[in-house]
Amino acid sequence: MTGQRSAACTPGLASTRHGVVLMLTAVMPTMAIIALVPVLPLLLREFAAVPGSAVLVPMALTVPALCVALFSPLAGWMSDRVGRKRLLIGALIGYAGFGLLPLLLQDLYAILGVRILLGVTEAIIMTVATALVGDYFEGERREKWVAIQIATASVSAIVLIAAGGALGEALGSRGPFWLYLLALPVALAAALILFEPSRIEARSAAALAAPVTRGIAGLVAITFGVGLSFYTIIVQLGPVIEATGVTSPALIGLAGAAANLGVMLGSMTFGRLKAWPGQRLLGLGLPLVAIGYVGVALSTSFYVTAAAAVVICIGNGIMLPTMLAWVLRRLPPETRGRGTGVWTGAFFLAQFVAPITAAALAGLLGGLSGTFIFFAAAAALAAGVALLRPARATPYPQGVRS
């Protein structure tokens, strides 16, 4: 391990097995919420006598996302200061412990508190794993793993919601919590396979004091907007499908699975077009989002609505890895942890505020259809800006490495 740390070029040391371990860690933030969705009705019935349970039980599912938004910048700062590998392993072990604790708890407030702690470990896992992708790989190899990371999270959501439903059916409301055991073999793999990236020993005081958002503030703001677009359709897909007259949970679940596959298809498209400038990739993804939102707003057919949702997710699947790869290219190694923490925080903040924003816009614009038309118009306007801006040269000019 010492020999690896002293090597001159960390990216040259990383191989497929390192990337695979980092992709496995990307499943953990998805599992924190998705695995429990099938047992939400059971939990609501179990805690029906608790005052405010109608709000507190769903909050127990979603509060980890808020914690990621709040604590990711701190997690990034810690990883820049104390190193990445040990922090990641400790967070994975803590994630397993806090994830399993509700099996032993009967008090809703205690479960909510444990879920907050789970969210803190999730913030560390997401931020550090993303920073390690930037540390381990460079150039087109980095772009490839960024695309795989987004695709892995989307595909795992389909598997995890099915696994959570099966465990809930077999073991009741606490069954899906057993899935958090999966973090332990991932922690073991991280301990055996990952290595601490080579650190820049001579860091100037100016570099340490430089604002971490320098050069990425605009990209982080765009990421927040893309996150809002992405999570709005994901959160509202059930009500939108029901508005077409289809109330079958199986069909709604099928539409959700198709939407997640759309994200994977978009990520694969990014993987094929990763040499394009970021503006051009946004100019491809944003029109798809605009077209999809118009389709969702105007459709009264289940199949058209589901297809339009898939189009939205393909567009977002192109843009999410675009923004992450763009940010990683801009960040120097000494601030990569803090920078990815800020990016992760912005993305998960969008997840938390998306339903709030949609509800507010629906009140102002006369319903969800007005909200979707608003998102379509915003995406179309942003696409025009992206396409009209002069595209810079290829992200990997000759002789220049990330």
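What you are looking at is a predicted structure, and each value in this text was computed from that prediction instead of being measured. (Residues numbered from 1 in each chain as written. Predicted model: local features only at pLDDT ≥ 70, side-chain atom pairs only at ≥ 80, totals over all residues. Heavy atoms only, no water.)

Colleague: Can you walk me through the overall build of the chain in this structure?
Modeller: A count of helices and strands for the chain gives 16 helices and 0 strands. Within the chain, contacts between residues at least 6 apart in sequence are counted, and of these 85% link residues at least 24 apart. Summed over all atoms, the accessible surface of the chain reaches about 16,700 Å², with 71% contributed by carbon and sulfur. (Helix = DSSP H or I, 4+ residues; strand = E, 2+ residues; numbered from the N terminus. Contact = heavy atoms within 4.5 Å. Areas by Shrake-Rupley, 256 points an atom, 1.4 Å probe, with all protein chains shown as cover.)

Colleague: Looking at this structure, I do not really get the packing of helix H14 (residues 302-330) against helix H15 (residues 336-365). What am I missing?
Modeller: Packed helices, taken two at a time, are described by their axes: the angle between them and the distance between them. Running from amino to carboxyl end, H14 crosses H15 at an angle of 155°, the nearest separation of the two axes being 10 Å. Between H14 and H15, the angle is such that the two are roughly antiparallel. Read as a crossing pair, H14 and H15 show a hand that is right-handed. Contacts between H14 and H15 involve Leu320, Met323, Leu324, Val327 and Leu328 on the former and, on the latter, Arg336, Thr340, Trp343 and Phe347. (Axes fitted to C-alpha atoms, helices over the stretch in contact; angles between N-to-C directions. Parallel < 35°, antiparallel > 145°, perpendicular 65-115°, else oblique. Left-handed = near helix turned anticlockwise from the far one by under 90°.)

Colleague: Would you mind showing me how to read the side chain of asparagine 316 here?
Modeller: Positionally, asparagine 316 belongs in helix H14. Setting aside anything within four residues of it in sequence, one finds asparagine 316 in contact with Val226, Ser229, Phe230, Val289 and Pro321.

Colleague: What exactly am I supposed to notice about the side chain of asparagine 260 here?
Modeller: If you trace the backbone, asparagine 260 turns up in helix H12 (residues 249-273). At 3.0 Å, the side chain of asparagine 260 and the backbone oxygen of glycine 256 are in polar contact. Once you skip the residues sitting within four places of it in the chain, asparagine 260 turns out to touch Ser154, Ala157 and Ile158. (Polar contact = N/O pair within 3.5 Å; in protein donor to acceptor, adjacent residues only side chain to side chain.)

Colleague: Please explain the nonpolar core as it appears in this structure.
Modeller: Most often, soluble globular proteins keep nonpolar side chains buried together rather than apart. In this structure, Met28 and Tyr95 are the most contacted members of the largest nonpolar core, which totals 119 residues. For methionine 28, the contacting residues outside a window of four places in its chain are Leu92, Tyr95, Ile125, Ala183 and Val186. (Core = buried A, V, L, I, M, F, W, Y, C linked by side-chain atoms within 4.5 Å. Buried < 20%, exposed > 50% of the residue type's maximum accessible area, 1.4 Å probe, protein only.)

Colleague: What exactly am I supposed to notice about a nonpolar patch on the surface here?
Modeller: A cluster of nonpolar side chains, namely Ile93, Leu171, Trp178, Leu181 and Leu184, defines an oily patch on the protein surface of about 470 Å² accessible area. The residue leucine 184 is located in helix H9 (residues 183-193) in this model. (Patch = residues over 30% accessible without salt bridge, like charges linked within 9 Å, V, L, I, M, F, W, Y side chains within 5 Å. Salt bridge = Lys/Arg side-chain N within 4 Å of Asp/Glu carboxyl O.)

Colleague: Got a minute to help me understand the pattern of salt bridges in this structure?
Modeller: Pairs may arise between side chains of opposite charge once their charged atoms sit close together. For the coordinates displayed, the defined rule picks out 6 salt bridges. Of the charged contacts in the structure, one is a salt bridge between glutamate 46 and arginine 174, with a shortest N-O distance of 2.5 Å. Of this pair, glutamate 46 sits in helix H4 (residues 40-46) while arginine 174 sits in the loop between helix H8 (139-171) and H9; the two residues are 128 residues apart in sequence, bridging distant segments of the chain. According to the relative accessible area criterion, arginine 174 is buried, its value standing at 11%. Here aspartate 135 and arginine 336 are joined by a salt bridge, their closest N and O atoms 2.8 Å apart. Of the two residues, aspartate 135 sits in helix H7 (residues 108-136) while arginine 336 sits in helix H15, which places them 201 residues apart along the sequence. Relative accessible area serves as the criterion here: at 5%, arginine 336 is assigned to the buried category. Three or more residues are tied together by salt bridges with common partners; here these are Asp80, Arg84, Asp135, Arg336 and Arg338.

Colleague: Please explain the environment of phenylalanine 98 as it appears in this structure.
Modeller: Tracing the sequence through the fold places phenylalanine 98 in helix H6 (residues 85-100). Among the residues examined, phenylalanine 98 registers a relative accessible area of 26% and is labelled partly exposed.

Colleague: For this particular structure, what's the right way to read the packing of helix H11 (residues 217-243) against helix H16 (residues 368-388)?
Modeller: Their axes nearest at 12 Å, the elements H11 and H16 cross at an angle of 155°. Between H11 and H16, the interaxial angle falls into the category roughly antiparallel. H16 is crossed by H11, and the crossing has left-handed handedness. Where H11 abuts H16, its residues Leu228, Ser229, Thr232, Gln236, Pro239 and Val240 lie against Leu368, Phe372 and Phe375. Split by residue class, the contact of H11 with H16 holds 6 nonpolar, 3 polar and no charged. (Nonpolar A, V, L, I, M, F, W, Y, C, P; charged D, E, K, R; others polar.)

Colleague: What exactly am I supposed to notice about H16 here?
Modeller: Every α-helical turn comprises 3.6 residues, leaving residues that sit three or four positions apart pointing alike. End to end, H16 covers 30 Å across 21 residues, agreeing with the expected 30 Å (1.5 Å per residue, within 8%). By the burial criterion, the buried members of H16 are Gly370, Thr371, Phe372, Phe375, Ala376, Ala379, Ala383 and Ala386. Along its buried surface, H16 packs onto H11, helix H13 (278-298) and H15. (Expected span 1.5 Å × (residues − 1).)

Colleague: Even after reading the chapter, I still don't get the environment of valine 155, so can you show me in this structure?
Modeller: Along the polypeptide, valine 155 turns up in helix H8. Classification of valine 155 by relative accessible area gives partly exposed; the value is 31%.

Colleague: I'm lost on the packing of aromatic side chains in this one. Help?
Modeller: Aromatic rings considered in pairs are described by the distance between their centres and by the relative angle of their planes. For the structure shown, the criterion picks out 14 aromatic pairs. When the centroid spacing of 4.5 Å and the interplanar angle of 20° are considered together, the rings of tyrosine 136 and phenylalanine 195 count as stacked. With a gap of 59 residues between them, tyrosine 136 in helix H7 and phenylalanine 195 in the loop between H9 and helix H10 (205-209) connect regions that are remote in the sequence. Each member of the pair, tyrosine 136 as well as phenylalanine 195, is classed as buried. Measuring from ring centre to ring centre gives 6.5 Å for phenylalanine 230 and phenylalanine 347, while their planes differ by 20°; the resulting arrangement is stacked. With phenylalanine 230 in helix H11 and phenylalanine 347 in helix H15, this residue pair connects regions lying 117 residues apart in the sequence. Note on phenylalanine 230: relative accessible area 8%, which makes it buried. Judged by its relative accessible area of 8%, phenylalanine 347 is buried. Chaining the aromatic ring pairs together yields one cluster made of Phe230, Tyr231, Trp343, Phe347 and Phe348. Directly above the ring of tryptophan 276 sits arginine 280, whose terminal nitrogen or CZ lies 5.5 Å from the centroid. (Phe/Tyr/Trp six-rings, centres within 6.5 Å; stacked < 30°, edge-to-face > 60°. Lys NZ or Arg CZ within 6 Å of the ring centre and 35° of its normal.)

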